[in-house]
Amino acid sequence: MRVGLFVTCLVDLVRPRVGFAALKLLEATGADVVVPHSQTCCGQPAYNSGDRRTALALARKTARDLAGCDAVVVPSGSCAGMLRMHYPRLAEADPEPAHAAALRRLAAHTYELSDFITRIAPLERVPGRYEGTVTYHDSCSGLRELGIKDGPRRLLARLPGVRLVEMREAETCCGFGGTFAVKFGEVSSAMADRKCRHILETGARAVVAGDLGCLLNIEGRLRRCGHNGIRALHFAEVLSGEAD
Amino acid sequence: MELSPARFKTQAAASLADARLQSALEKLQDRFVVGRAQALLELDNADAVRDAAADIRARTLANLDDYLERFEAAARAAGAEVHWAENASDVNRILVEIAARHGVKRVVKSKSMVTEECRVNEALGTAGLEVRETDLGEYILQLADEPPSHIVAPVVHKSRDEIADLFVEHHRTPRRETIPALVAEARERLRPAFLAADMGISGANFLVAETGSALIVTNEGNGRLATTLPRVHVAVTGIEKVVPTLEDVATLLRLLPRYATGQSITNYVSILTGPRRPDDGDGPEHFHVILVDNGRSRMLGTDRHDMLRCIRCGACMNHCPVYQNVGGHAYGWVYPGPMGSVLTPALLGPAEARDLPNASTLCGACAQVCPVKIPLPDLLRNLREEQVEQRLRPAGERLAIRLWGLLARHPFLYGVASGVIARALRLYAGRDGAIRRLPLGRGWTLGRDFPAPSGRTFRELYVRRGRA
Ligand code: SF4
């Protein structure tokens, strides 16, 4: 199976390690992984900002970039949700049937990373190890658009050395919301603040999630409040052993 | 300062800075979020009931004119007078006419959001009528001269202490501390108002097409008093509230209180059909229904259509993390939370509420809890699209997204630009790896650092790794 890794613009720009961690996990499943070089951004920022034209143009481009893959894997619930749930909607409004069909085809075989390595190509051995307690934050799109809930937790449970403690309101939004975090900085920070309180209550050494956006938001608030001891890690970093 | 949907940001900032409000909001969450979850446990096949409810609302809206005509005919047959109001000024004109016709001086009201929408109290006051709100919450707000901040629990933003102070100020009685004592004090004040009133105004949770009835659910007895004691009763409600049969209402009633307050049923459910008949024990001599459009029919068949399914339970706002932090007044108009972020621009026009559709992370919690399955995030996104089409968003924002889009369509340029940005931010961050002021992202760094990029993009590292 030819598996295309879609790296997401945030991972590409801010924390490439997440991309390499995802790559390592995918390779550990035995898949033939490719990372098409022409890929850029899935168009979600434009889509959620109401710029449908730009979103459609980027969706078409992404579909072209990933056309040769049997499956596409994304280390982000919200970008995977964009490809899987929202590209078909953009397809509805696409005047050109060939493009619309390409969007639908891509949507049908796109998976969020944890979903892929638990359901589609089960990972036999989790390569990493991590000492200490972690708590897991359910990122909104992954949870509510794709139903990602148990997968990452079960994967973490298989990792030697790690102990998972649940926080209060793990499913409540951290306040990221893409451009929301910039447009409504104060409200967004207040939301992040509650999330941080719940994380601190658990006494965990790290908060783990499946979306870099949420992680940057949470980490940013933790640092601003002087909590430097707690790390904010993508589950792929933890599972692959790339966290340190 | 008067609240306005155009000032979401300033109002939200004020709410965040208000410590008393913050602690009140936290309690709201504990009470209603936990309450709803528990109340749903006792409902067998809650999912099926929810599907049925969404279906009833969708079916009714698909033939709204038909059901409204049936309602009108049945209500007339039962002796009610039915009035149609296209907008707020119609509502107020009709109310003043009814009052004049029946020689009304004093009016008691039971909570109704539509009358808030139409500023009925103001209009009736101008016409020389004395109006008294009779729900405990609305009564308190009338004393405080404030609008409601929640559609189900209008006064949820006030602490018991604030209410006690308010009563001392207005009633000039010794300060009472406990909730029962405060409730008793309000009741003492309200009883004479009920007895003296010539007209009662209420809303309606549902209108039953089959029987021509207005159905009202309340937890305080005031709804019943306002609709039965005065000589004249006027139910004022939106045209979208009609439901085909009593059976359908029964289905919706299994959800409404559970989703609203976590109760399996409210204390009072009144089904009001026409005025008092000769052998009735009580009831008004005259019963009027005002069917209010006020922008609703404009939503039919558009991207906002699904919003008309709303049964005003408030679950979406109780579960909305933005509402939980900023409360209802931040939204600036009658309807707060996610439902308000859709309804306000839909009813007032997109230019009146530019921020509201954007003031959401699209986290989806609202749609997850909506009993009639309104896809609120999709509706919010549609409104954003409409704003972009009508150029209602700031030029800088539209340009930034277009530029990003342009760049992202050209992988080579994109690679160069992202490489430059990653390095620049890395340098800018310095040793400790945190950016305290993000150029072009001031909103972010108001309350958060920005974790510095590692300095090389994935694309660069991947290519290099391939070569090595
Ligand atoms: S949108 Fe749904 S959850 Fe919100 S008030 Fe209306 S019915 Fe209730």
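Residues numbered from 1 in each chain as written. Chains lettered and ligands numbered in written order. Predicted model: local features only at pLDDT ≥ 70, side-chain atom pairs only at ≥ 80, totals over all residues. Heavy atoms only, no water.

Under an unreviewed UniProt entry, the name given to chain B is (Fe-S)-binding protein, and the organism recorded is Sulfurifustis variabilis.

Per an unreviewed UniProt entry, chain A is named Fe-S oxidoreductase, and its organism is Sulfurifustis variabilis.

K.L.:
What is the right way to read the UniProt feature "domain: Cysteine-rich" (unreviewed entry) in chain A from this model?
P.N.:
Residues and elements named next belong to chain A. Those places that UniProt annotates as "domain: Cysteine-rich" (unreviewed entry) correspond, in this numbering, to residues 3-84 and 134-218. For residues 3-84, the helix share is 55%, the strand share is 12%, and the end-to-end C-alpha distance is 16 Å. For the annotated span residues 134-218, helix accounts for 52% and strand for 12% of the residues, and the straight-line distance between the end C-alpha atoms is 14 Å. (UniProt positions renumbered as here; feature names shortened; annotations may be inferred. Helix = DSSP H or I, 4+ residues; strand = E, 2+ residues; numbered from the N terminus.)

K.L.:
Just to check I follow, could you spell out helix α4 (residues 64-77) of chain B for this structure?
P.N.:
Residues separated by three or four positions in an α-helix point in the same direction, a consequence of the helix having 3.6 residues per turn. All names here are of chain B. For α4, spanning 14 residues, the distance from its first C-alpha to its last is 20 Å, which sits close to the expected 20 Å at 1.5 Å a residue. Those residues of α4 that sit buried are L64, Y67, L68, F71, E72, A74 and A75. On the buried face of α4, the contacting elements are α3 (46-62), β1 (81-85), β5 (206-208), β6 (213-218), β8 (242-243) and β10 (286-292). Of the residues one or two after α4, G79 is the one with positive phi, at around 100°. (Expected span 1.5 Å × (residues − 1). Buried < 20%, exposed > 50% of the residue type's maximum accessible area, 1.4 Å probe, protein only. Contact = heavy atoms within 4.5 Å.)

K.L.:
Looking at this structure, how should I read the pattern of salt bridges?
P.N.:
In a structure, side chains of opposite charge can pair up when their charged atoms sit close to one another. Residues and elements named next belong to chain A. Under the criterion given, the structure shown has 53 salt bridges over all chains. The shortest N-O distance in the salt bridge between E237 and R15 comes to 2.9 Å. With E237 in helix α13 (residues 235-240) and R15 in the loop between α1 (9-13) and α2 (16-28), the pair connects residues that are 222 residues apart, well separated along the chain. Each member of the pair, E237 together with R15, is buried. (Salt bridge = Lys/Arg side-chain N within 4 Å of Asp/Glu carboxyl O.)

K.L.:
Would you explain the domain arrangement of chain A in this entry?
P.N.:
Quite often, the size of an interface is put as the accessible area lost when its parts meet. Residues and elements named next belong to chain A. Considered domain by domain, chain A is made up of domain 1 (2-120) and domain 2 (132-240). Computed over C-alpha atoms only, the centres of domain 1 and domain 2 are separated by 22 Å. Taken together, the 27 residues of domain 1 in the interface contact 26 residues of domain 2. Across the domain 1 to domain 2 interface the summed buried area is about 2000 Å²; carbon plus sulfur atoms make up 64%. If you look at where domain 1 meets domain 2, you find 3 salt bridges. The salt bridge partner of E219 is R15, with a shortest N-O separation of 3.0 Å. The interface formed by domain 1 and domain 2 contains 10 residue pairs in polar contact (both at pLDDT 80 or more). Of all the secondary structure elements, the ones that give two or more residues to the side of domain 1 that touches domain 2 are α1, α2, α5 (77-92) and α7 (113-120). Broken down by class, the residue content of the side of domain 1 that touches domain 2 amounts to 13 nonpolar, 8 polar and 6 charged. (Domains from an automatic or database assignment. Buried area = accessible area lost by both parts, 1.4 Å probe. Polar contact = N/O pair within 3.5 Å; in protein donor to acceptor, adjacent residues only side chain to side chain. Nonpolar A, V, L, I, M, F, W, Y, C, P; charged D, E, K, R; others polar.)

K.L.:
Whenever I open this one, the sheet that holds strand β5 (residues 132-136) of chain A confuses me. Can you help?
P.N.:
Sheet strands line up and pair through hydrogen bonds in the backbone, either parallel or antiparallel. All names here are of chain A. In space, the 4 strands of this open sheet follow the order β6-β5-β7-β8, with parallel pairing throughout. In this open sheet, the two strands that pair with only one neighbour each are β6 (162-164) and β8 (231-234). The sheet shows a mean angle of 35° between the axes of neighbouring strands, taken without regard to direction. Running at roughly 175° to β8, helix α12 (residues 212-224) makes contact with β7 (206-209) and β8 of the sheet. (Pairing = 2+ DSSP bridges. Axes fitted to C-alpha atoms, helices over the stretch in contact; angles between N-to-C directions.)

K.L.:
Got a minute to help me understand the domain arrangement of chain B in this structure?
P.N.:
All names here are of chain B. What the domain assignment lists for chain B is domain 1 (1-42 + 299-374), domain 2 (43-294) and domain 3 (396-466). The centre of domain 1, based on its C-alpha atoms, is set 21 Å off from the matching centre of domain 2. Contacts between the two partners involve 41 residues from domain 1, matched on the other side by 41 residues from domain 2. With both chains or domains summed, domain 1 and domain 2 bury close to 3600 Å², and 62% of this area falls on carbon and sulfur atoms. Area buried by domain 1 at its contact with domain 2 is led by L40, I311 and H329, which between them contribute 16% of it. Inspection of the region where domain 1 meets domain 2 yields 5 salt bridges. The salt bridge partner of R312 is E240, with a shortest N-O separation of 3.1 Å. Viewed at the interface, domain 2 and domain 1 are joined by 17 residue pairs in polar contact (both at pLDDT 80 or more). Counting only elements with at least two residues in the side of domain 1 that touches domain 2, the list comes to α2 (19-41), α14 (315-319), α16 (337-348) and α17 (365-369). Taken together, the residues of the side of domain 1 that touches domain 2 break down into 27 nonpolar, 7 polar and 7 charged.

K.L.:
Honestly, the packing of aromatic side chains in this entry has me stumped. Any pointers?
P.N.:
Geometry of an aromatic ring pair is reported as the spacing of the ring centres plus the angle between the planes. One pass over the structure, following the stated rule, counts 12 aromatic pairs over all chains. For the pair A:F184 and B:F8, a centre-to-centre distance of 5.7 Å together with 80° between the ring planes defines the contact as edge-to-face. With one member in each of two chains, A:F184 in the loop between α10 (180-183) and α11 (185-202) and B:F8 in helix α1 (residues 8-16) form a pair that bridges those chains. Side by side, A:F184 and B:F8 carry an identical accessibility label, which is buried. The interplanar angle of 25° and the centroid separation of 6.2 Å between the aromatic rings of B:Y323 and B:Y331 together place this pair among those described as stacked. (Phe/Tyr/Trp six-rings, centres within 6.5 Å; stacked < 30°, edge-to-face > 60°.)

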